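Close look at the chain arrangement
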Amino acid sequence: MAVYYFTICILTGLGFFLTEKQKHAKTTVLYLSVVFVLLTFLASFRYAIGFDYFAYRNIFEMTSNLSFSDILYYYGYEPLFFVLCALFHLCGLSFQSLITSVSIFVILVAMWFIFRYSKLPWMSVYLYITLQFFAYDMNLMRQAIGVSFFLLAYPYLEHQKPLPYTILLFVGGLFHNSLWFMFPLYFLLPKKFSCKSAACLALITGCGYLFFDPLFLLIKPFLPEKYAVYQDSYFWNSNSWEYLVLPALYCLLIFLFRKRIKNLRRRTIYLNSAIFYFLIHIFITKHFILERFAIYPFVFSLTAIPEIVASYRSSGQSSAKHPRMLQKYDCMILLFLAFGGAFFLFAAQKGFHHVYPYVSLLDQSRSVPVGN
């Protein structure tokens, strides 16, 4: 665990110094470059952590015996990851090279998103680690790629450009089909809910929760086989209600401070994403596999929280005559640092994504006995 604590402290402190005290684009680029290099190194140097680590290694080894036509025939619903593995085999590259390449892509996209949209890059980096996006990337590689395509599609969601949004979701869904289920967010996230529509959403959620299993049986024949078989696996188990506490708190915080987000469209997107994140978590108390869909709306926490916090800085630092606003800014920083810290400690205690504690390739080599 020391690796994670050290990384959080170093990157948060360095980011605060570089981007909080010296607000220049060059220092932000420098800082995010350092973050990119360090996190990519940690993700690439890992060994046997992440629930799906060996499953991905098995896929990689299996593709060495498959042609591209075999891949399209057997895995046509999600071919791109298998094609990627086959290409690495053709180039004579190892599984560790695949891990490194995927890590480079997903972390680079995250840093691009933070650079372009975050009001406080150092806080976004802190949240990227503590809210489990980094852990997610190390466990679910294919879906992490899908999340990256969702981030790339964000500008087209915000500005309501359906064609590039659709293309990016379609391509990303060929790595992991879960991304295709997020297409309706194009219409739902920018929609400002009235009291009537909010009541309808609550009613739909309640009915969906009560009748989820019979409804799933109705749509099961239309789902890809890998989703259909979840019902007979341990993925269909439920999580306890304690897993709802932090999502509920996040949703409450975004709701309470929503008016600090000045851009009305962005305010609506951030608030709705928090609501959908919470609603999806309600369903994991039935079947925890559904938590995988929550990552998509939750990813906007990387910019929603910093925008709320930064609104107090811009108000307070505009004049030296407003020390009270500066105190509020400090309090908001502490509030959301505490939220991220609580999220991280809960995740570490519960073993989220099986990445705690960190295990490196050096740990692997030390565990291998030396021959005589």
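On a predicted model such as this, the values are computed, not experimentally measured, just so you know. (Residues numbered from 1 in each chain as written. Predicted model: local features only at pLDDT ≥ 70, side-chain atom pairs only at ≥ 80, totals over all residues. Heavy atoms only, no water.)

Digging into the overall build of the chain
For the chain, the count of helices and strands is 20 helices and 0 strands. For the chain, whose C-alpha radius of gyration is 21 Å, the value lies close to the compact-globule estimate of 21 Å for 372 residues. Projecting the C-alpha coordinates of the chain onto the three principal axes gives extents of approximately 70 × 60 × 40 Å. Relative to its 372 residues, the chain shows a buried fraction of 52%. By sequence separation, contacts in the chain at least 24 residues apart represent 76% of the contacts at least 6 residues apart. (Helix = DSSP H or I, 4+ residues; strand = E, 2+ residues; numbered from the N terminus. Rg over C-alpha atoms; globule rule 2.2 N^0.38 Å. Buried < 20%, exposed > 50% of the residue type's maximum accessible area, 1.4 Å probe, protein only. Contact = heavy atoms within 4.5 Å.)

Observations concerning the packing of aromatic side chains
The geometry of two aromatic rings is summed up by the distance between their centres and the angle between their planes. As enumerated under the stated definition, the model contains 51 aromatic pairs in all. Ring geometry for Tyr 117 against Tyr 154: centres 5.0 Å apart, planes inclined by 90°, an arrangement best described as edge-to-face. Of this pair, Tyr 117 sits in helix 6 (residues 95-117) while Tyr 154 is found in helix 9 (residues 141-158), placing the two residues 37 residues apart along the sequence. Each of the two residues, Tyr 117 as well as Tyr 154, counts as buried. Ring pairing ties together the aromatic residues Trp 112, Phe 113, Tyr 117, Phe 150, Tyr 154, Tyr 270, Tyr 296 and Phe 300, which thus form one cluster. (Phe/Tyr/Trp six-rings, centres within 6.5 Å; stacked < 30°, edge-to-face > 60°.)

Looking at the pattern of salt bridges
Two side chains carrying opposite charge are able to pair once their charged atoms lie near each other. Scanning the entire structure with this criterion turns up 4 salt bridges. In this structure, the salt-bridge partner of Asp 52 is Arg 292, at a minimum N-O distance of 3.5 Å. Of this pair, Asp 52 sits in the loop between helix 2 (25-44) and helix 3 (53-62) while Arg 292 sits in the loop between helix 16 (264-283) and helix 17 (295-298), and the two are 240 residues apart along the sequence. For the residue pair Asp 52 and Arg 292, the accessibility class agrees, reading buried in each case. (Salt bridge = Lys/Arg side-chain N within 4 Å of Asp/Glu carboxyl O.)

What about a nonpolar patch on the surface?
Together, Leu 210, Phe 211, Leu 215, Leu 218, Ile 219 and Phe 222 make up an exposed nonpolar region whose accessible area comes to about 700 Å². Looking at the nonpolar patch element by element, the count peaks at 3 residues for helix 13 (residues 212-219). You can see Leu 215 is positioned in helix 13. Given the relative accessible area of 43%, Leu 215 is considered partly exposed. (Patch = residues over 30% accessible without salt bridge, like charges linked within 9 Å, V, L, I, M, F, W, Y side chains within 5 Å. Areas by Shrake-Rupley, 256 points an atom, 1.4 Å probe, with all protein chains shown as cover.)

Points about the packing of helix 1 (residues 2-20) against helix 2
Running from amino to carboxyl end, helix 1 crosses helix 2 at an angle of 170°, the nearest separation of the two axes being 9 Å. With respect to each other, helix 1 and helix 2 are oriented roughly antiparallel. Judged by residue contacts, Val 3, Thr 7, Leu 11, Thr 12, Leu 14, Gly 15, Leu 18 and Thr 19 of helix 1 engage Thr 27, Thr 28, Tyr 31, Val 34, Val 35, Leu 38, Leu 39 and Leu 42 from helix 2. Looking at side-chain class alone, the contact of helix 1 with helix 2 contains 10 nonpolar, 6 polar and no charged residues. (Axes fitted to C-alpha atoms, helices over the stretch in contact; angles between N-to-C directions. Parallel < 35°, antiparallel > 145°, perpendicular 65-115°, else oblique. Nonpolar A, V, L, I, M, F, W, Y, C, P; charged D, E, K, R; others polar.)

Some details on helix 2
For helix 2, with 20 residues, the first-to-last C-alpha span of 28 Å sits near the 28 Å given by 1.5 Å per residue. Buried residues of helix 2: Thr 27, Thr 28, Tyr 31, Leu 32, Val 35, Leu 39, Thr 40, Leu 42, Ala 43 and Ser 44, and no others. Tucked into the core, helix 2 has its buried residues touching helix 1, helix 6, helix 7 (121-130) and helix 8 (133-139). (Expected span 1.5 Å × (residues − 1).)

Describing the environment of Gly 13
Structurally, Gly 13 can be placed in helix 1. With relative accessibility at 39%, the residue Gly 13 sits in the partly exposed group. Separated by 19 residues in the primary sequence, Gly 13 and Leu 32 place their C-alpha atoms 13 Å from one another.

As for the environment of Leu 264
Along the chain, the position of Leu 264 falls in helix 16. Between the C-alpha atoms of Leu 264 and Ala 338, which are 74 residues apart in sequence, the distance is 27 Å.

Here we look at the side chain of Thr 19
Secondary-structure assignment places Thr 19 in helix 1. Judged by relative accessible area, which is 6%, Thr 19 ranks as buried. Only 2.6 Å separates the side chain of Thr 19 from the backbone oxygen of Gly 15, close enough to count as a polar contact. (Polar contact = N/O pair within 3.5 Å; in protein donor to acceptor, adjacent residues only side chain to side chain.)

A few points about the state of the cysteines
This model, assessed by the stated rule, comprises 0 disulfides. With no disulfide of its own, Cys 195 has Cys 200 as its nearest cysteine by sulfur position, at a separation of 11 Å. Cys 207 carries a free sulfur, and the closest cysteine sulfur to it, the one in Cys 200, is 11 Å from it. Among the residues examined, Cys 207 registers a relative accessible area of 35% and is labelled partly exposed. (Disulfide = S-S within 2.5 Å.)

Quick notes on unusual backbone geometry
Pro 357 follows Tyr 356 through a cis peptide bond whose omega is -5°. By the secondary structure assignment, Pro 357 is in the loop between helix 19 (323-350) and helix 20 (361-367). Its identity is not glycine, yet His 353 carries a phi of approximately 60°, on the positive side. Here His 353 lies in the loop between helix 19 and helix 20. Of note in this structure, His 354 is not a glycine but carries a positive phi near 55°.

What to know about the confidence of the model for the chain
Considering every residue of the chain, the mean pLDDT works out to 89; 91% of them sit at 70 or more. Counting contacts from residues 367-372, a segment whose pLDDT is below 50, to residues more than four positions away or on other chains yields 0 contacts. (pLDDT = per-residue confidence, 0-100.)

As for helix 15 (residues 245-256)
The end-to-end C-alpha separation of helix 15 is 16 Å, in line with the 16 Å expected for 12 residues at 1.5 Å each. Buried within helix 15 are the following residues: Leu 246, Pro 247, Tyr 250, Cys 251, Leu 253 and Ile 254. Viewed end-on, helix 15 has its buried residues packed into an arc of 160°, placing them on one side of the element. Across helix 15 from its buried face, at more than 90 degrees, point the exposed residues Val 245 and Leu 256. (Arc of directions from axis to C-beta.)

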